[in-house]
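Examining the three-dimensional arrangement
Below are the chains, spelled out letter by letter.
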Amino acid sequence: MKEKFNKENSRKEMKRREFIRVGASFAAGAGLVGLGSTKLFAANSNSVAQTTIENVTLNNGVQMPILGFGTLYLNDEKGAQCVADAISLGYCLIDTATIYGNEAAVGAGIKKSGIDREKLFVTSKLWVDDSGYEKGKAAFQTSLDKLGLDYLDLYLIHRPRGDVKGSWKAMEELYKEGKIKAIGISNFEDHQIDELLEYATIKPAVNQIETHAFFQQSKARKSLLDYGVQMEAWSPFAQGRNELFTNQTLATIGKKYNKNNAQVSLRWHYQRGIVAIPRSSQKAHMQENLNIFDFELSDDDMKTIAALDLNKTQFPEWE
């Protein structure tokens with residue numbers, strides 16, 4: 001399984017900007033305003049640009065940025081530089097996982113950025129092979145050591161497999177000790193959440209699942225709202241699958257606002273109240289992904305995008 005996550009991702013690294021918006025320009029340094037209260041996150045005085053990102057409030061009161069930076073496939077020195085670049089632009093939610101094999105690179109990028117730890121929101125995840133009480137605690141400490149941090153803002157059970165009950169008990173204890181600010185899950189379906197809630201003393205704060213224009217997870221979104229669990233999207237662009245970056249429906253909508261498909265997609269997530277963690281190795285694309293707070297999709301736009309839903313995963317090999 002690790003080979004699947006760490007292999008060269010050339011097939012999935014599709015050309016992102018085949019659709020170029022007319023008159024595109026990066027609003028470097030612009031104050032972008034969200035729909036609610038906002039907070040500024042910036043790396044240091046050498047930052048190229050600093051962007052304001054809105055927070056969502058998790059069920060334990062912790063504030064989590066609604067837009068962050070994903071790090072899957074970003075490894076070694078390149079990965080560290082990408083993380084430092086993202087932070088310099090204003091990202092403070094940084095998402096990694098044990099199975100990505102890049103926690104040390106992410107930690108190096110954080111250190112390179114020079115940002116105060118308190119300004120970051122760092123997420124990692126417990127892999128299936130490390131499930132259980134004792135193994136889970138040991139794996140968490142390994143992740144913390146690789147990242148070079150004293151605590152995590154969010155720690156997730158990556159998949160609902162193995163000894164989930166033991167893992168959750170370990171995470172609850174780490175949470176109570178202050179080593180994790182919020183605990184959650186990833187790729188859990190409703191019945192698996194119900195099972196966890198039968199023994200959990202702390203409700204999951206987040207469920208990170210696949211969701212994008214082609215797999216909108218409307219039922220899961222409603223269920224998570226009912227549970228009081230924040231929905232977070234991994235691969236909000238479906239890694240470019242099904243030609244998302246050149247989709248004509250998204251392009252037509254984007255043309256009205258002088259935005260590209262990626263920006264329309266992220267704005268769609270934002271207006272649905274979903275945390276998104278797009279990944280890019282290109283600093284220009286990182287900046288573009290931040291420039292989604294200066295326009296608003298209309299109700300008709302949202303309905304048009306809703307019609308793109310295929311209601312099935314675009315990653316069948318990960319099932």
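Rules used in this analysis
- Residues numbered from 1 in each chain as written.
- Predicted model: local features only at pLDDT ≥ 70, side-chain atom pairs only at ≥ 80, totals over all residues.
- Heavy atoms only, no water.
- Helix = DSSP H or I, 4+ residues; strand = E, 2+ residues; numbered from the N terminus.
- Contact = heavy atoms within 4.5 Å.
- Areas by Shrake-Rupley, 256 points an atom, 1.4 Å probe, with all protein chains shown as cover.
- Buried < 20%, exposed > 50% of the residue type's maximum accessible area, 1.4 Å probe, protein only.
- Salt bridge = Lys/Arg side-chain N within 4 Å of Asp/Glu carboxyl O.
- Axes fitted to C-alpha atoms, helices over the stretch in contact; angles between N-to-C directions.
- Parallel < 35°, antiparallel > 145°, perpendicular 65-115°, else oblique.
- Nonpolar A, V, L, I, M, F, W, Y, C, P; charged D, E, K, R; others polar.
- Core = buried A, V, L, I, M, F, W, Y, C linked by side-chain atoms within 4.5 Å.
- Pairing = 2+ DSSP bridges.
- Left-handed = near helix turned anticlockwise from the far one by under 90°.
- Phe/Tyr/Trp six-rings, centres within 6.5 Å; stacked < 30°, edge-to-face > 60°.
- pLDDT = per-residue confidence, 0-100.
- Right-handed = clockwise from strand over helix to strand, strands pointing away.

1. Quick look at the overall build of the protein chain
- Along the protein chain, the regular secondary structure elements total 11 helices and 11 strands.
- Considering only residue pairs separated by 6 or more positions, the protein chain has 75% of its internal contacts joining residues 24 or more positions apart.
- Summed over its atoms, the accessible surface of the protein chain is roughly 13,500 Å², and 48% of this surface lies on carbon and sulfur atoms.

2. Describing the environment of His158
- You can see His158 is positioned in the loop between strand S7 (154-157) and helix H5 (164-176).
- By relative accessible area, which is 6% here, His158 ends up buried.
- In this structure, the C-alpha to C-alpha distance between His158 and Val128, residues 30 residues apart in sequence, is 7.0 Å.
- Those residues within four positions of His158 in sequence are excluded, and the remaining contacts are Ala97, Ile99, Tyr100, Lys125, Leu126, Trp127, Ser186 and Asn187.

3. Describing the pattern of salt bridges
- By the definition in use, this model includes nine salt bridges.
- Lys179 serves as the salt-bridge partner of Glu177, at 3.8 Å between the closest nitrogen and oxygen.
- Asp301 is paired through a salt bridge with Lys256; the nearest N and O atoms lie 2.6 Å apart. Of this pair, Asp301 sits in helix H11 (residues 299-306) while Lys256 is found in helix H8 (residues 248-257), placing the two residues 45 residues apart along the sequence.
- Since its relative accessible area comes to 53%, Lys256 is described here as exposed.

4. Describing the environment of Ile209
- For Ile209, the position within the fold is in strand S9 (residues 206-210).
- Judged by its relative accessible area of 5%, Ile209 falls in the buried class.
- Residues Ile209 and Met231, spaced 22 residues apart in sequence, show a C-alpha to C-alpha distance of 7.4 Å.
- Excluding residues within four positions of it along the chain, Ile209 makes contact with Asn187, Phe188, Gln217, Ala220, Leu224, Met231, Glu232, Ala233 and Trp234.

5. Observations regarding the packing of helix H3 (residues 103-113) against helix H4 (residues 133-147)
- With their axes 7 Å apart at the nearest point, H3 and H4 run at an angle of 40 degrees to one another. Taken together, H3 and H4 sit at an angle that is classed as oblique. Taken together, the residues of H4 that come into contact with H3 (itself represented by Glu103, Ala104, Val106 and Gly107) are Ser143, Lys146 and Leu147.
- Residue composition of the contact of H3 with H4, by class: three nonpolar, two polar and two charged.

6. A word on the nonpolar core
- Counting residues in each nonpolar core, the largest one holds 82 residues, and the members touching the most others are Leu58, Met64, Leu67, Phe69 and Ile305.
- The residues contacting Leu58, other than those within four sequence positions of it, are Met64, Phe121, Ala182, Ala205, Val206 and Gln230.
- Ranked by size, the runner-up nonpolar core spans nine residues in total, among them Tyr73, Ala97, Ile99 and Trp318.

7. A word on the sheet that holds strand S8 (residues 183-186)
- Strand order in this open sheet of eight strands is S4-S5-S6-S7-S8-S9-S10-S11, and the pairing throughout is parallel. The open sheet terminates on both sides in strands that have one partner only, identified here as strand S4 (69-70) and strand S11 (275-276).
- As paired strands, S9 and strand S10 (residues 230-234) are joined by five bridges and run parallel to one another. Among the inter-strand pairings, Val206 is bridged to a residue of S10, identified as Gln230.

8. Focus: the packing of H8 against H11
- At a minimum axis distance of 10 Å, the contact between H8 and H11 shows a crossing angle of 165 degrees. Between H8 and H11, the angle is such that the two are roughly antiparallel. Between H8 and H11 lies a crossing of left-handed hand. Note on element contacts: H11 touches H8 through Asp301, Thr304 and Ile305, opposite Thr249, Leu250, Ile253, Lys256 and Tyr257.
- Residues that form the contact of H8 with H11 fall into these classes: four nonpolar, two polar and two charged.

9. Side note on the packing of aromatic side chains
- A complete count under the given rule lists eight aromatic pairs for this structure.
- Ring plane angle 85 degrees and centroid distance 5.3 Å describe the contact between Tyr270 and Phe293, whose orientation is recorded as edge-to-face. Of this pair, Tyr270 sits in helix H9 (residues 261-271) while Phe293 is found in the loop between helix H10 (283-290) and H11, placing the two residues 23 residues apart along the sequence.
- Given a relative accessible area of 6%, Tyr270 falls into the buried group.
- Ring geometry for Phe315 and Trp318: centres 4.9 Å apart, planes at 20 degrees, overall stacked.

10. Overview of the confidence of the model for the protein chain
- Overall, the prediction assigns the protein chain a mean pLDDT of 88, with 84% of residues at 70 or greater.
- Mean pLDDT across the secondary structure elements of the protein chain bottoms out at strand S1 (residues 38-40), with 34, and peaks at S7, with 99.
- Ignoring residues within four places in sequence, the model shows residues 4-48, a span with pLDDT below 50, making 111 contacts including any to other chains.

11. Overview of the pairing of S8
- Covered by surrounding structure in S8 are Ile183 and Ile185 together with Gly184 and Ser186, the residues of both alternating faces.
- Alignment of S7 against S8, held across three bridges, turns out to be parallel. Bridge pairing in S8 links Ile157 to Ile185.
- For the handedness criterion, the β-α-β arrangement of S7, H5 and S8 is classed as right-handed.
- By the bridge criterion, two bridges tie S8 to S9 in an arrangement that is parallel. If you follow Ile185 over to S9, its bridge partner there is Asn207.

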